[in-house]
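What follows is each chain in one-letter form.
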Amino acid sequence: MDCVIIGAGVAGMQAAFSCRQHWPQKTVTLIDAEAEVGYFRTLLPQFMVRTLAQSKLFFWKPENDPKLVVRSGLRVASLDRSNQRVILENGEKTAYERLILAPGGRPIVPGICARSSCDGIFPIRNLASARVVQKWLPDHSHIVILGGGLVGVKTAAHMARPELSVTLVEKEDQLLPQALSPRAAALVKAHLERKNIRIITGHSVEDIQVQGGELKAVQVGAKGIPCGTLLVAAGSVPDVQFLKDSDLLVKGELAVTPALQTSDPHIFAAGDAVTIQRDGNFTPWTWPQAITQGKLAGRNCYAKDPVQLNAFSRVNSMNLDGLSLVVLGAPVMGAEAVVYSRPGEGICRELFLKNGRIVGGALVGDISGAGVLHAAMNAGVEMDITDEDLLKPMSRALRQISIRCSRPKRRALFK
Ligand SMILES: Cc1cc2nc3c(=O)[nH]c(=O)nc-3n(C[C@H](O)[C@H](O)[C@H](O)COP(=O)(O)OP(=O)(O)OC[C@H]3O[C@@H](n4cnc5c(N)ncnc54)[C@H](O)[C@@H]3O)c2cc1C
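This is a predicted model, so every value here is computed, not measured.

S.K.: Now, about the confidence of the model for the protein chain: what can you tell me, with residues and values included?
M.R.: For the protein chain, mean pLDDT is 93; residues scoring 70 or higher make up 98% of the total. Scored below 50 in pLDDT, residues 409-415 shows zero contacts in the model against residues more than four places distant or in partner chains.

Okay, structure coming up:
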């Protein structure tokens, strides 16, 4: 066996395509615990409420490439590095020449939910559970979503349907606390409330009531909320338990270099599972990063000259069923904020700058210029933060930044 990849999520799939493209003589075997692979995890909320057809959910179909083998429904239990083999839960051993680890994350299920052995509580994580939720919802239309981060907010936005009653519960005092400032998050909250979603911040689910083996209600603060469905979106952690005896973890984290190499020269890693070590640790946790890293891991795994990742941002764009949002990076302590806010129009555009350079920001309601700002952030372009036009949509200042970002490329062309 040449290259074995553990995890056929987006990072693992991209690594497989990239390895086949760069090293066509090598075979690639993808192993995944899920029965179905090659789907957009990001579209599960729409799929659960049947606004997305199953045919649109998959980005990969079994292809006629005899050198790419996908083995689904199989979980890797551990590694035997000295013999270059992966050991599956069913006892099978598979040899590798190169190994790419892309096991992603697993959902955090708070103790109160994990202890309640009843029907009606589902972590939002994979297609198998989304299929169960899809069938469950028509008879259990009172829904509580636990967690107001990216997954919870997206799910709530897409569940805003007349036949469903949705309450979103977030323990911090605002939605999207790890991505947005309170000002920008207030617009997301207002958008969801306009869609009749009830939002409770500053509390968590404190008790769960069960009747006849089914969820009946949850207690949030002083309120009892009748519900038959509890969707858990309380965050994820890297799914790296199977590596605990591999000596690849550093303080429990799957540490890689910027070229995505682990401490073993035969083993690379990509996606939500990794921590990239580079002037401090970088953990990506976004779909675009998982794609970029997967491609790079596939390219690098046999390369004599491994290339380093050049995009260390967590930029993320999404449409919350009518509200566009681009997150360039979370609010940064000690950074200066530049803000263009039109709350009445549902617009908030803000940047966080350190030493005149963008270190984070978000565009809510009007995402024009997001590409330019992202490029400026990656290129470390210095901004004039006194320029009032800086964040006005389609402004002269934005056009000038765009020109400055594209300059190096032009020079390179004429070399
Ligand atoms: C509902 C939802 C909505 C999201 N929306 C967005 C969004 O709008 N924008 C965004 O940027 N990100 C979003 N994300 C996050 C995004 O999906 C992840 O960042 C991305 O999927 C990470 O890709 P990955 O390949 O690293 O991991 P995963 O997609 O988690 O894939 C890992 C795979 O590895 C398999 N695996 C794990 N351990 C083993 C093992 N031991 N043996 C075999 N197989 C194993 C798993 O079964 C899984 O299929 C969302 C996530 C969810 C759940």
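After that view of the structure, there is still more to cover.
S.K.: Please provide a residue-by-residue account of the environment of R41, values included.
M.R.: Inspection of the secondary structure puts R41 in the loop between β2 (28-32) and α2 (44-48). Beyond its immediate chain neighbours, meaning those up to four positions away, R41 contacts E34, R125, N126 and W287. A distance of 3.1 Å separates polar atoms of two side chains, one belonging to R41 and the other to E34. A polar contact is formed between the side chain of R41 and the side chain of Y39, at a distance of 3.2 Å.

S.K.: Hey, could you go over the sheet that holds strand β19 (residues 253-256) for me, with residue numbers and the actual values?
M.R.: Taken in spatial order, the four strands of this open sheet run β18-β19-β21-β22, and their pairing is mixed. The outermost strands of the open sheet, each flanked by one partner alone, are β18 (249-250) and β22 (281-282). Where β19 lies against strand β21 (residues 274-277), three bridges are found, and the strand directions are parallel. Bridge assignment links A255 to a residue of β21, and that residue is T275.

S.K.: Account for the state of the cysteines, with residues named and values stated.
M.R.: Overall, the coordinates contain zero disulfides when judged by the stated rule. C19 supplies the cysteine sulfur nearest to C3, a cysteine that is in no disulfide, at a spacing of 4.1 Å.

S.K.: Please give an account of the nonpolar core that cites residues and values.
M.R.: Ranked by size, the top nonpolar core spans 51 residues in total, and within it V86, L99, L101 and L254 carry the most contacts. Ranked by residue count, the leading element in this core is helix α1 (residues 10-22), at six residues. Look past the residues within four positions of V86 in its chain and what remains in contact with it is I6, I31, V76, S78, L79, E92, K93, T94, Y96 and L99.

S.K.: I'd like a rundown of empty space enclosed by the protein, residues and numbers included.
M.R.: If a probe as big as a water molecule is rolled over the atoms, it shows which places are left empty. Summed over the entire model, instances satisfying the criterion amount to one cavity of 30 Å³ or more. The space that makes up the largest cavity amounts to roughly 30 Å³. Contributing to the lining of the largest cavity are L44, M48, P123, I124, R125, N126, S129, A130, V133 and L231. Looking at the lining of the largest cavity, the elements that each hand over two or more residues are α2 and α4 (127-136). The biggest single contributor to the lining of the largest cavity is α4, with three residues. Residue composition of the lining of the largest cavity, by class: seven nonpolar, two polar and one charged.

S.K.: I'd like a description of the pattern of salt bridges, backed by residues and values.
M.R.: Any two side chains of opposite charge can pair, on the condition that their charged atoms come close. Counted under the stated rule, the structure contains 18 salt bridges. Where D80 meets R85, a salt bridge forms, and the shortest distance between an N and an O atom there is 3.2 Å. Judged by its relative accessible area of 15%, D80 is buried. Taking the shortest distance from any N to any O, the salt bridge between K392 and D389 comes out at 3.4 Å. The exposure class of K392 is partly exposed, given its relative accessible area of 35%. Take D389: its relative accessible area is 19%, and that puts it in the buried class.

S.K.: Could you give an account of the packing of aromatic side chains, with specific residues and numbers?
M.R.: Inspection of the entire model under this criterion finds six aromatic pairs. Relative to F58, the ring of Y39 has its centre 6.3 Å away and its plane inclined at 75°; by these criteria the two rings are edge-to-face. Here Y39, found in the loop between β2 and α2, pairs with F58, found in the loop between α2 and β3 (68-72); they are 19 residues apart in sequence, far enough to count as distant. Judged by its relative accessible area of 6%, Y39 is buried. Taken together, the ring pairs connect F40, F59 and W287 into an aromatic cluster.

S.K.: Lay out the site of the ligand with the relevant residues and their values.
M.R.: Within the structure, the ligand sits among 34 residues, and D32, R41, R125, D272 and W287 are positioned closest to it. Residue E34 places a side-chain N or O atom 3.2 Å away from an oxygen atom belonging to the ligand. Within the residue set of the shell around the ligand, elements represented by two or more residues are α1, β2, α5 (150-159) and α7 (287-300). The residue inventory of the shell around the ligand, partitioned by class, reads 18 nonpolar, eight polar and eight charged.

S.K.: Hey, could you go over the sheet that holds strand β16 (residues 229-232) for me, with residue numbers and the actual values?
M.R.: Taken together, the five strands give an open sheet; going across it, the order is β9-β16-β10-β11-β12, and neighbouring strands pair in parallel fashion. The two strands at the open ends of the sheet, each matched to only one other strand, are β9 (121-123) and β12 (198-201). Taking the axes of each pair of neighbouring strands and ignoring which way they run, one obtains an average angle of 20° across the sheet. Pairing geometry for strand β11 (residues 165-170) and β12, over four bridges, is parallel. When the sheet's bridge partners are listed, T167 is paired in β12 with R198.

S.K.: Can you break down the pairing of β16 residue by residue, with the values?
M.R.: Side-chain alternation along β16 places T229 and L231 on one buried face and L230 and V232 on a second face that is also buried. The pairing of β9 with β16 spans three bridges and is parallel. Considered in β16, the bridge of F122 is made with L231. When strand β10 (residues 142-146) meets β16, the two strands line up parallel, connected through four bridges. Bridging across to β16, L146 finds its partner in V232.

Definitions and limits used
- Residues numbered from 1 in each chain as written.
- Predicted model: local features only at pLDDT ≥ 70, side-chain atom pairs only at ≥ 80, totals over all residues.
- Heavy atoms only, no water.
- pLDDT = per-residue confidence, 0-100.
- Contact = heavy atoms within 4.5 Å.
- Helix = DSSP H or I, 4+ residues; strand = E, 2+ residues; numbered from the N terminus.
- Polar contact = N/O pair within 3.5 Å; in protein donor to acceptor, adjacent residues only side chain to side chain.
- Pairing = 2+ DSSP bridges.
- Disulfide = S-S within 2.5 Å.
- Core = buried A, V, L, I, M, F, W, Y, C linked by side-chain atoms within 4.5 Å.
- Buried < 20%, exposed > 50% of the residue type's maximum accessible area, 1.4 Å probe, protein only.
- 1 Å grid on protein atoms, 1.4 Å probe; cavity = no way out; pocket = protein on both sides within 12 Å on 5 of 7 lines; lining within 4 Å.
- Points joined across faces, edges and corners; volume = space filled by probe spheres on them.
- Nonpolar A, V, L, I, M, F, W, Y, C, P; charged D, E, K, R; others polar.
- Salt bridge = Lys/Arg side-chain N within 4 Å of Asp/Glu carboxyl O.
- Phe/Tyr/Trp six-rings, centres within 6.5 Å; stacked < 30°, edge-to-face > 60°.
- Near = heavy atom within 4 Å.
- Axes fitted to C-alpha atoms, helices over the stretch in contact; angles between N-to-C directions.

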